[in-house]
Amino acid sequence: MADMFAEVAIVGAALDKSLHYEVPASIGSVLRPGSMVSVGLGKRTATGVVLSVSEVPPVLPQEVKLRPILEAKPPEQSLPEELVALCRWISRYYFYPLGEVLSFAVPFAKPEKSAPARTGGKMVCPACPMPAAADKVGGRGREILALLDEAGAAVPLEKIRKSVPNSAYWLNKLARQGIIHIEIAEESDELSFCPTGGGGVLELTADQKRALDVMAPLIDAAAFKPLLLYGVTGSGKTEVYMRLIERAAAQGRGALVLVPEIALTTSMEVLFRERFGPLLAVWHSALAPAMRRRRWADMLAGRKTVVLGARSAVLAPVKNIGLIIVDEEHDPSYKQEDRLRYSARDVALMRGKILGVPVVLGSATPSLQTLHRWKSDQYGGVVLASRIFGRPLPEIEIVDMKREGGRGPVFSFRLREALAQVLDAGAQAMLFLNRRGYAKFYICQTCGHVLQCASCSLTLTYHKKENRLRCHYCGWERELPERCPVCGHAALFSHGFGTERVEKELMRLFPQARPVRVDRDTMNGGAKIVEALSAVRSGRCNVLLGTQMIAKGHDFPNITLVGVINADAGLQVCDFRAGENLVQLLFQVAGRAGRGEEPGRVVLQTYNPFHYTIESLLKMDYDGFCDRELQSRKLLQYPPFTRLLKFLVTAVKEDAARAAARELAGLCRQKAALLKDAGVHIAVLGPSPAAYVKLKNRYRWQVFIKSWRSSEMQDFTESVLDAVKCDPAFREAQVTVDRDPSNEF
Ligand code: ADP
Ligand code: ZN
């Protein structure tokens, strides 16, 4: 019998339980929670993460014979212990197998789709320590040293070439004196940016200083505290983030920065690269596998300590984190809507709690959850009330599309006029529409049949370029039939429109328009987005047109007009958060206008000009909207005043889904009734068909649970799932849990 035992979670395995192994004496001394190991699992060898090590043998049935751990990976490949603790919390909180949670933290366990790698270049590095001769350097050499000094790290050769005349001579000279050396960077897909100007460190505004005064001491104290940075669009939140990271870095600690979309990592990377140079790693799910592996190793080894990424980066193995930042914390894309249905914002908060570090939640339009907790003093926070240099917020104009006549034109008269003005003046415009494709759907004018996906209860969107109808959920496509498949009449007409149509119409009306369209049809992968954004930045394109991919975060000083093509597109969602999400989106979109010296203008087209969401935007009164919304949530006992959880019941057969959902609701009600006597209040709602009752050939029903305490929700759900496991009524159905659901998809 061995004298050490380890509890191991198998990476990528959908097991409910962790497994126990014997620890061979040869590796006993290196194992600790977080160690990566190879173990036998059935007939194969699997990668595992050690959860705990003990000298006490596990209590197991007699017949189980423990197998030994086969191999321990080198200690430098261990996950930080805090990350293992976090994964265990996620597994429990979101009711998801630990092994699968871990596969998000150990990226190479599952293959990822690849993105093309870019090649690195020569980098100019300052010598360390600087030889005394550095003080005597004169002429252009000084400028080169100043550049290196400013970057605090290696600088791409190209940058020096561009900003210092006759640089080759001076670089050569400095290199000979041993003051600098030039290195060829390894192949990398990190953008080797040549910053376009500005440079130098900004003088902070009074608001920004106040934010640092409040937040920086918490980094020094290494104390967990959620902090809201509530700053209007263009108030300089990014600068605050960077100063806080510098503060952490000065103490030898790292930082984790989350942004809601991969496209935003690239635009923030420009700024961060300048400031943090080689310490920075960008981390998201679209990285090429080889790159992922290398960056993962770099993070574990402590070579990359400032990590910027989208949702999944919340599980990046950054070492010694001193600070976590969640930018645009309200953004719904922080919630993953399949498989592991987690909220990266909430997981970030938990990681901060486990680590004992502050978590900064930045937004111009905080989620009601965050706002409520801030107002009730559970969170700290600072408000940045005005834009940099007191730039005014844009002027907002509402156009009532009901008065435009016709079959609903793409552009109203006002927007056409405004576009002409902006384009003629040589400025830039942004057009926003939250729907891609050409036509929203096709309907038969004889029998009323709407063309639908064969496997989902979704209408098919027409894409003109490929001349295909496509399901935006499962991707299924077909050609546009000439006749209605039901009644046979040639009476199919299109309704509604998407970005593709807006682009066509724009080109038709404005010969001077040079648009770039950003949506999921035109952008596949980070490089294309970088290209599109730089086309706007350089002025090569004068209209940025797209879906929510362009709505948030980006800072384009030349955009003076924002056109919202159809502000109502977000209102048709049947979700208690629809209003909140729409207002946030509209404030974000509006915030893209007038970020430079010219004031901005927003023209918003809507069929509901008096809707309360539109009215609050018109007054630029986000707070007022939230007060009103919070009141009604309180009245209706919705989050943030209660906790919600959704059981999603799916089955191939419609009857099976419905029957299982009924069974589940009954089971929940029974359990809730028993708890009532114990003073625990759980409400059960449903069953009801999901908003999309069929997706990918599975029928979908749901049951909602409402609770007033997170811990009670936890216990209740665990007991329901236990019962479901042994109940034959669920044999044909699958029950999944969506905790804190963000929509009713
Ligand atoms: P937000 O994220 O709050 O919308 P940004 O961080 O994008 O705003 O800042 C808006 C603009 O103001 C950026 O171009 C940024 O470089 C500039 N800026 C930020 N802080 C300062 C400052 N202290 N002085 C001058 N310009 C600043
Ligand atoms: Zn489909």
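Preceding this paragraph is the structure being described.
Within each chain, residue numbers correspond to sequence positions counted from 1 in written order. Whichever chain is written first is A, and whichever ligand is written first is 1; the rest continue in order. Only residues with pLDDT of at least 70 get local features here, since the model is predicted, and only at 80 or more are side-chain atom pairs given and counted; chain-wide, interface and lining totals rely on the full set of residues. Excluding hydrogens and water, the side-chain figures rest on all heavy atoms present in the structure.

1. Description of the pattern of salt bridges
Okay, step 1: Think of a salt bridge as a Lys or Arg side-chain nitrogen and an Asp or Glu carboxyl oxygen that are within 4 Å of each other. Enumeration over the complete set of coordinates arrives at 35 salt bridges.
Okay, step 2: The shortest N-O distance in the salt bridge between E329 and R345 comes to 2.8 Å. Of this pair, E329 sits in the loop between strand 13 (321-327) and helix 10 (344-355) while R345 sits in helix 10; the two residues are 16 residues apart in sequence, bridging distant segments of the chain. The two residues E329 and R345 agree in class, both being buried. A helix here means a DSSP run of H or I that spans at least four residues, while a strand means a run of E at least two residues long, and both kinds are numbered starting from the N terminus. The rule is simple: take the accessible area with a 1.4 Å probe, protein chains only, and divide by the maximum for that residue type; under 20% is buried, over 50% is exposed, in between is partly exposed.

2. Section: the sheet that holds strand 28 (residues 682-695)
Each strand in a sheet pairs with its neighbour through backbone hydrogen bonds, running either in the same direction (parallel) or in the opposite one (antiparallel).
Okay, step 1: Only strands joined by at least two bridges in the DSSP assignment are considered to pair. Taken in spatial order, the four strands of this open sheet run 28-29-27-30, and their pairing is antiparallel. Looking along the sheet, the strands with just one partner apiece sit at the ends: strand 28 and strand 30 (734-739). Recorded for the sheet is a direction-independent mean angle of 25 degrees between the axes of neighbouring strands.
Okay, step 2: Looking at chain direction, strand 27 (residues 643-651) and strand 29 (residues 698-707) are connected through nine bridges and run antiparallel. Bridge pairing in strand 29 places F647 opposite V703.
Okay, step 3: Contacts from helix 19 (residues 710-725) reach strand 27, strand 28, strand 29 and strand 30, with the element oriented near 20 degrees to strand 27. Only the contacting stretch of a helix is used when fitting its axis, a line to C-alpha atoms as for every element, and angles between N-to-C directions run 0 to 180 degrees. For this analysis, residues touch if any pair of their heavy atoms sits within 4.5 Å.

3. Describing the site of ligand 1
Okay, step 1: Of all residues adjacent to ligand 1, which total 17 residues, the nearest are E203, Q208, G234, T238 and D555.
Okay, step 2: Polar contact criterion, stated in full: a pair of N or O atoms within 3.5 Å, where within protein one must be able to donate a hydrogen and the other to accept it, and residues adjacent in sequence count only if both atoms are side-chain atoms. Here Q208 contributes a side-chain N or O atom positioned 2.8 Å from a nitrogen atom of ligand 1.
Okay, step 3: A distance of 2.6 Å is found between an oxygen atom of ligand 1 and a backbone nitrogen or oxygen belonging to G234.
Okay, step 4: Each accessible area is a Shrake-Rupley estimate made with a 1.4 Å probe; only the visible protein chains count as cover when residues are assessed. In the complex, the protein chains occlude 80% of the 570 Å² of accessible area that ligand 1 would expose alone.
Okay, step 5: With three residues, helix 7 (residues 237-250) is the single largest residue contributor to the shell around ligand 1.
Okay, step 6: In terms of residue class, the shell around ligand 1 is made up of five nonpolar, seven polar and five charged. In these notes, residues near a molecule or strand are those with any non-hydrogen atom within 4 Å of it. Each residue gets one of three labels, nonpolar for Ala, Val, Leu, Ile, Met, Phe, Trp, Tyr, Cys and Pro, charged for Asp, Glu, Lys and Arg, and polar for the others, Gly among them.

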